[in-house]
Amino acid sequence: MAAVLRLAKLAVFSTACTHLGSALSLDIQDSKDADAKNRPVTKVITLLKDMQKQLQKEADEDEAIYDKMACWCQTNDREKTQAIKDAEVRIDGLTTKIEELTAGSARLNTEIKNLEKEVAENQDSLDKATAIREKQLAEFNAEEKDLLESVSALKAAITVLSKHHSGGFLQVANNRILGVAATLENELSKHAALLQGVLSPSERRAAAAFVQAPADYFDAAPTFKQSYAPQSGEIFGILSQMKDTFEANLASSQKEEQANQKAFEELKAAKIEEIKSGQDQVDSKTLTLADTDEKNAQAKVDTDDTKASLSADEQFLGMLKEKCQMTDKEWEERQKTRQLEMEAVSQALAVLSSDDAHDLFTRTFNPSLLQLASSTAYSDRRAAASQVLADAAKKAHNPHLATLAYQVKLDAFTRVKKAIDDMIAQLLKEKDDEIKHKDFCTDEFHQNQLQTEKKDREEQDLTATIEDLSMKIEGLAKAIEELKGEIAEMQVQLKRAGEDRELQNKEFQSTVADQRETQKLLTSALQFLKDFYHKKTAFIQKQEPVGPPPPAGFETYKNNAGSGGVIQLIQQIISDAKAMEAEAIRSEEDAQKAYEDFVKETNASIEAKSKDIVEKSEVKARAEGELVETKEAKEAVILELEQLSNYNAQLHQSCDFVLKNFELRQTARDEEVEALRQAKAILSGAKFEEFLQKV
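This is a predicted model, so every value here is computed, not measured.

**Student:** Sorry, what's going on with the nonpolar core here?
**Tutor:** A general trend in soluble globular proteins is that nonpolar side chains are found buried together. One finds Leu184, Ile238, Leu239 and Met242 to be the most contacted residues of the largest nonpolar core, which totals 22 residues. Of all the secondary structure elements, the ones that give two or more residues to this core are helix H2 (39-166), helix H3 (174-190), helix H5 (201-212) and helix H7 (232-353). With 7 residues, H2 is the single largest residue contributor to this core. If we skip the residues at most four places from it in the chain, methionine 242 touches Leu154, Leu184, Glu187, Leu188, Leu195 and Leu199. Residues Cys73, Ala87, Ile91 and Cys324 belong to the second largest nonpolar core, which totals 8 residues.

**Student:** Quick question: what am I supposed to make of the pattern of salt bridges here?
**Tutor:** What the rule picks out here adds up to 27 salt bridges. Residue lysine 128 is joined to glutamate 502 by a salt bridge in which the shortest nitrogen-to-oxygen separation is 1.9 Å. A residue pair is termed long-range when its members are at least 10 positions apart, and lysine 128 in helix H2 and glutamate 502 in helix H11 (residues 413-533) qualify at 374 residues. Judged by its relative accessible area of 28%, lysine 128 is partly exposed. A salt bridge links aspartate 280 to lysine 276, with the shortest nitrogen-to-oxygen separation between them at 3.1 Å. Note that aspartate 280 and lysine 276 are positioned in helix H7 at a spacing of 4 residues, about one turn of the helix. One continuous salt-bridge network, built from bridges that share partners, spans Asp124, Lys128, Glu502 and Lys506.

**Student:** When you look at the side chain of serine 610 in this model, what are you seeing that I'm missing?
**Tutor:** Its place among the elements puts serine 610 in helix H12 (residues 563-660). Residue serine 610 is classed as buried on the basis of its relative accessible area of 10%. Excluding its chain neighbours within four sequence positions, the residues that come into contact with serine 610 are Thr110 and Ile487.

**Student:** I tried to follow the state of the cysteines on my own but got confused; where do I start?
**Tutor:** Disulfides are covalent bonds that connect the sulfur atoms of two cysteines. Evaluated as defined, the whole model comprises 2 disulfides. With a sulfur-sulfur separation of 1.8 Å, cysteine 73 is cross-linked through a disulfide to cysteine 324. Judged by the torsion about the S-S bond (-100°), the cysteine 73/cysteine 324 disulfide is left-handed. With cysteine 73 in helix H2 and cysteine 324 in helix H7, this pair connects stretches of sequence that are 251 residues apart. You can call cysteine 73 buried: its relative accessible area is 11%. Cysteine 324 gets classed as buried once you look at its relative accessible area, which sits at 9%. Here cysteine 441 engages in a disulfide with cysteine 655; their sulfurs sit 1.9 Å apart. Handedness of the cysteine 441-cysteine 655 disulfide follows from its S-S torsion of about -75°: it is left-handed. Of this pair, cysteine 441 sits in helix H11 while cysteine 655 sits in helix H12, and the two are 214 residues apart along the sequence. In terms of burial, cysteine 441 and cysteine 655 fall into one category: buried. In the protein, the cysteines engaged in disulfides, taken in order along the sequence, are linked 1-2, 3-4.

**Student:** Is there a simple way to explain the packing of aromatic side chains in this structure?
**Tutor:** Aromatic ring pairs are reported here in terms of the distance separating the ring centres and the angle at which the planes meet. For the coordinates displayed, the defined rule picks out 2 aromatic pairs. Note on tyrosine 66 and tryptophan 331: the rings are 4.6 Å apart at their centroids and 10° apart in plane angle, and the pair reads as stacked. Remark: tryptophan 331 occurs in helix H7 and tyrosine 66 occurs in helix H2; sequence separation between them is 265 residues. Its relative accessible area of 14% is what places tryptophan 331 among the buried residues. Relative to phenylalanine 316, the ring of tryptophan 72 lies with its centre 6.2 Å away and its plane at 75°, an arrangement referred to as edge-to-face. Remark: phenylalanine 316 occurs in helix H7 and tryptophan 72 occurs in helix H2; sequence separation between them is 244 residues. The exposure class of tryptophan 72 is partly exposed, given its relative accessible area of 30%.

Basis of the calculations
Residues numbered from 1 in each chain as written. Predicted model: local features only at pLDDT ≥ 70, side-chain atom pairs only at ≥ 80, totals over all residues. Heavy atoms only, no water. Core = buried A, V, L, I, M, F, W, Y, C linked by side-chain atoms within 4.5 Å. Buried < 20%, exposed > 50% of the residue type's maximum accessible area, 1.4 Å probe, protein only. Helix = DSSP H or I, 4+ residues; strand = E, 2+ residues; numbered from the N terminus. Contact = heavy atoms within 4.5 Å. Salt bridge = Lys/Arg side-chain N within 4 Å of Asp/Glu carboxyl O. Disulfide = S-S within 2.5 Å. Phe/Tyr/Trp six-rings, centres within 6.5 Å; stacked < 30°, edge-to-face > 60°.

Dropping the structure here:
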C-alpha cells in the first residue's frame, strides 16, 4: 500500500513538474515578445487554476467511490456478521438435535429388540401350548374311543347275561359265555388303574373265577364247586358296575376336555392379543425409528451445509474486512496527499497572483531595464549551472534534470532556483518515502514470517487433534460393535438357557410322574398284601353236631413264608421312590432358581451394555462433530497459509527491487540532490571552477 501511495505521489509530482516545466517553457518562449511581458506568468496562474479544478474533481470522484465502498463494506459486514451468528446458533441447535436423535435411535433399537424378543417368547409359548393342547386332544380322543368301545363291549356282555336272567336261567350258548368272559378279562386288564378301588376284593375274585371257568356259572344243575362260587347275578352286577364306572369316567373326561379346550382358547386369545399388541408396538416404534433416523440424517446434512455456508461467510467477511481496511487507509492517504497538493497549488497561486509578484515579473521580463553586463554574467552562470545539471542528468539518467538543465539556459534565475528547490524537496521526499517503504517491507516480511510460523504450528496441532479424534471415534465404534456382539451373544445364551430349562422341566415332570405312579402302584400292591397278611383271623369253637363225624377237612392255613420279605422290599422301594422324588424336586427348584438368577443377571448386563452403547454413541457423535469442526479449522488455517504465501509473493514483487537496490538508489538520489544544490549555488554566484576542483 505504501508503495502504491509513493507511486501516486510520484505521479502527482511528475504532473506538477511537467506542468511547471511547460509553464516555464512557455514563459521563456513568450519572453521574446516585448509586447506581452506578463503573459508567461499569466499562463502559469491559469495552469495552476486548472490544476485546482482537476484536483477538486478527482477529490469528488474519490469521495463518491469511497462512499460506495463504505456502503458496501457496512452492508455486507452487517449481513455477513449476522449470517455467521445465525449459522453458529443453527449449528449448535443441530448438534444438540443430532445428539438427541442419536440417543433416541439407540433407545428405539433396544426397545424394538426387547419387543421382538417378547413377541417371539409369546409366540413360542403359544406354539408350546398348542402342541400340548393337540397332545391332550389326541389322548382324549384315544381315551374316549377306548372307553366307548369298552362301554359298548360291556353293554353287549350285559345283554347276553340279561337274556340268561330273564329267561329263567336258560342255557346260554357256550361261545357267548366265552365272549363275555373274554370281554370281562380284557376290560379288567386294560382298565386296571381305572377300576382300582371300584371293585371289592371279593368281586375281583368272583370275576377271576368267572374268567377261568365261565361255563360253570350257567350249568343246568349246579355242581359242588358252583355252590361255593359267585352266581351269574354277581357277574352281571360286576359288568354293570364296570359299565357305569366307564360311562362316568367318559363323562368326566369329556367335561375335562371341554374345560381344557376353553382354557386353551382363553390362553390362545390372550397370547394372540399380547403378540398383536407387541407387534403393533414394534411396527409403531420401527416407523418412529425410521423417522428418527431420517431426521438425524437430514440434521447431519443440514449441519454440513450450514458449516460450509459458515466457512464461506467467514472467508468472505475476512476478505471484506481486509479490503475495507486497505480502502480506508488508502482513502486517508489519498485525502492527505491531495490536500497537501491542493495547498501547494493554492500557495503557489497566491504567491504568483500578488501585486508584488506582478511588479517583480514586470521588471524581470522587461529587457529595456536590463544592462548588457548583467545579461552576460547571467548567461555565464546559467551555462555553468546547466552544465552541472546536464552532467548529473547524464550520470543519473534522469530526464527531469535534463529538462531543468535546458530550462536553466533560457529561464530566469528566480524561477529556475525555485524549480531546483522543488526538485530537491521532491528527491528528499522520495528518499524518505523509500526509507519508509524499506522499513515497511522489512517489518511486513518479519510479520509474515511470524504469522506463517504460527499458522504452521496451528496446522500441526489441528492435525494431531484430528488424528486423536479419529482414533477416539474408531475406538468408540469398535467398542460399540463389541458391546452389540456381547448383547447378541447373551441373548442367544438366554434363549439356549430357556430351551435347556424347558427340557429339564419336562424331564423333571416325567421323572416325578414316573416316581409317583411307581409309588401309587407299589402302595396299591402293598395294600393288597397288607390287607391279606395282616388281617387277624378269629377261630370260633363250634358245637359238634350229633351224629357221625365229618370226613377229614383242610389243614391249617399258613401264610406264605416269603410274604414278610416281599412287604419289606416293597416298602423300601416306595421309600426310595419318595426320596428320588424329593431329590428331583430339590434339583428342579435349584435349577429354576439358577435359571432365574441367570436371566436376571443377563438382562441386567444387557441393560447396562445397552446404556453403555447409548452413552458411547453420544460421545462418538460429539467426537465426530469436533472432528468436522477441527477439519474445517484446519482448512481455514491452510487457507490463511495460502493467503500469507500470496501476500509474501506480493511483498517480494513490491519490495525485492527496493531492498536489493536500496543503497544504490539512495546514493544516486543523494548525487542528484548534490548536483541540484551545486547548480543552485552557481546560479547564486558561486564559481564553477571551485566545484570542478572539489570533484
